[in-house]
Amino acid sequence: VDLTKKLRLYGGILWGDGIGSYRDLPDIALLTPTTGTALETIAWYSGAHHQWSERWSSNVTYSQGNVDNSTGQLASSIRELQYLAVNLIWQPTPYTFAGIEGVWGKRTNLDLENSDASRVMMSFGFLLP
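This one's a predicted model, so the numbers in the text were calculated from it and none came from an experiment.

Turning next to a nonpolar patch on the surface. A cluster of nonpolar residues, Trp52, Trp56, Leu88, Trp90, Ile100, Val120, Met122 and Phe124, forms a patch on the protein surface that exposes about 890 Å² of accessible area. For the nonpolar patch, the leading source of residues is strand β8 (residues 114–126), giving 3 residues. Among the secondary structure elements, Trp52 is positioned in the loop between β4 (40–51) and β5 (56–68).

Right, dumping it as structure tokens:
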């Protein structure tokens with residue numbers, strides 16, 4: 001959704017059985033060495049893109065994914081993932097860009113143990129005409 005000429009909001013929702021890998025979540029849980037069950041997943045993301053000027057832009061994105069775990073899964077099985085990213089992109093010409101991004105993520109396991117991680121990344125690229 002374009003709120004203004006410089007601000008765009010975006011998002012999406014994913015829900016279903018056995019489709020967790022579309023959002024980096026597990027699809028199935030093994031019940032025995034030869035049988036499994038599809039796991040129900042619900043995941044969503046939302047964000048905003050802002051065009052500061054002709055050459056500078058930013059994105060902010062947050063997402064969360066939840067798995068309906070099955071009986072018998074390991075305590076370390078993924079229960080929930082969260083993700084937040086913020087970036088700043090510079091496009092000095094129509095065909096080149098450079099950017100920096102900060103990312104934070106959190107994983108919660110079936111046994112409710114959790115951990116998080118952060119990183120900063122840089123990118124450089126060329127866009128083909």
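A few words on the environment of Leu88. Relative to the assigned elements, Leu88 resides in strand β6 (residues 78–93). Given a relative accessible area of 33%, Leu88 falls into the partly exposed group. Expressed as a C-alpha distance, the spacing of Leu88 and Glu54, which sit 34 residues apart in the sequence, is 13 Å. Excluding its chain neighbours within four sequence positions, the residues that come into contact with Leu88 are Trp52, Trp56, Ser57, Ser58, Ala98, Gly99 and Ile100.

Leu25, Ala29, Leu39, Val67 and Ile78 together form the largest nonpolar core, which totals 5 residues. Setting aside residues no more than four positions away along its own chain, Leu39 makes contact with Gly16, Asp17, Gly18, Pro26, Asp27, Ile28, Ala29, Val67, Asp68, Asn69, Ser70 and Gln73.

The next subject is unusual backbone geometry. Phi at Asp24 takes a positive value of approximately 60°, unusual for a residue other than glycine. Among the secondary structure elements, Asp24 is positioned in the loop between β1 (7–17) and β2 (28–32). Unlike most non-glycine residues, Leu112 shows phi in positive territory, near 70°. In this fold, Leu112 is placed in the loop between β7 (96–109) and β8.

Before going further, it helps to examine the layout of surface pockets. In this structure, the largest pocket occupies an estimated 370 Å³ of space. Going through the elements one at a time, β5, β6, β7 and β8 are the ones with two or more residues in the lining of the largest pocket. Counted by class, the lining of the largest pocket contains 8 nonpolar, 7 polar and 6 charged residues.

Moving on, we come to the pairing of β6. As judged from the 11 bridges shared by β5 and β6, these two strands associate in the antiparallel manner. Paired with Tyr62 across the bridge in β6 is Leu84. Counted between consecutive antiparallel strands, the loop separating β6 from β7 contains 2 residues.

A few words on the packing of aromatic side chains. Tallied over the entire structure, the rule returns 3 aromatic pairs. Geometrically, the ring pair formed by Tyr10 and Tyr45 is tilted, given 6.5 Å between the ring centres and 45° between the ring planes. With Tyr10 in strand β1 and Tyr45 in strand β4, this pair connects stretches of sequence that are 35 residues apart. Given the relative accessible area of 27%, Tyr10 is considered partly exposed. A centroid spacing of 5.4 Å and a plane angle of 50° characterise the contact between Trp44 and Tyr62, whose relative ring orientation is tilted. Taken together, the residues span a long stretch of sequence, with Trp44 in strand β4 and Tyr62 in strand β5 at a distance of 18 residues.

Rules of the game
- Residues numbered from 1 in each chain as written.
- Predicted model: local features only at pLDDT ≥ 70, side-chain atom pairs only at ≥ 80, totals over all residues.
- Heavy atoms only, no water.
- Patch = residues over 30% accessible without salt bridge, like charges linked within 9 Å, V, L, I, M, F, W, Y side chains within 5 Å.
- Areas by Shrake-Rupley, 256 points an atom, 1.4 Å probe, with all protein chains shown as cover.
- Salt bridge = Lys/Arg side-chain N within 4 Å of Asp/Glu carboxyl O.
- Helix = DSSP H or I, 4+ residues; strand = E, 2+ residues; numbered from the N terminus.
- Buried < 20%, exposed > 50% of the residue type's maximum accessible area, 1.4 Å probe, protein only.
- Contact = heavy atoms within 4.5 Å.
- Core = buried A, V, L, I, M, F, W, Y, C linked by side-chain atoms within 4.5 Å.
- 1 Å grid on protein atoms, 1.4 Å probe; cavity = no way out; pocket = protein on both sides within 12 Å on 5 of 7 lines; lining within 4 Å.
- Points joined across faces, edges and corners; volume = space filled by probe spheres on them.
- Nonpolar A, V, L, I, M, F, W, Y, C, P; charged D, E, K, R; others polar.
- Pairing = 2+ DSSP bridges.
- Phe/Tyr/Trp six-rings, centres within 6.5 Å; stacked < 30°, edge-to-face > 60°.

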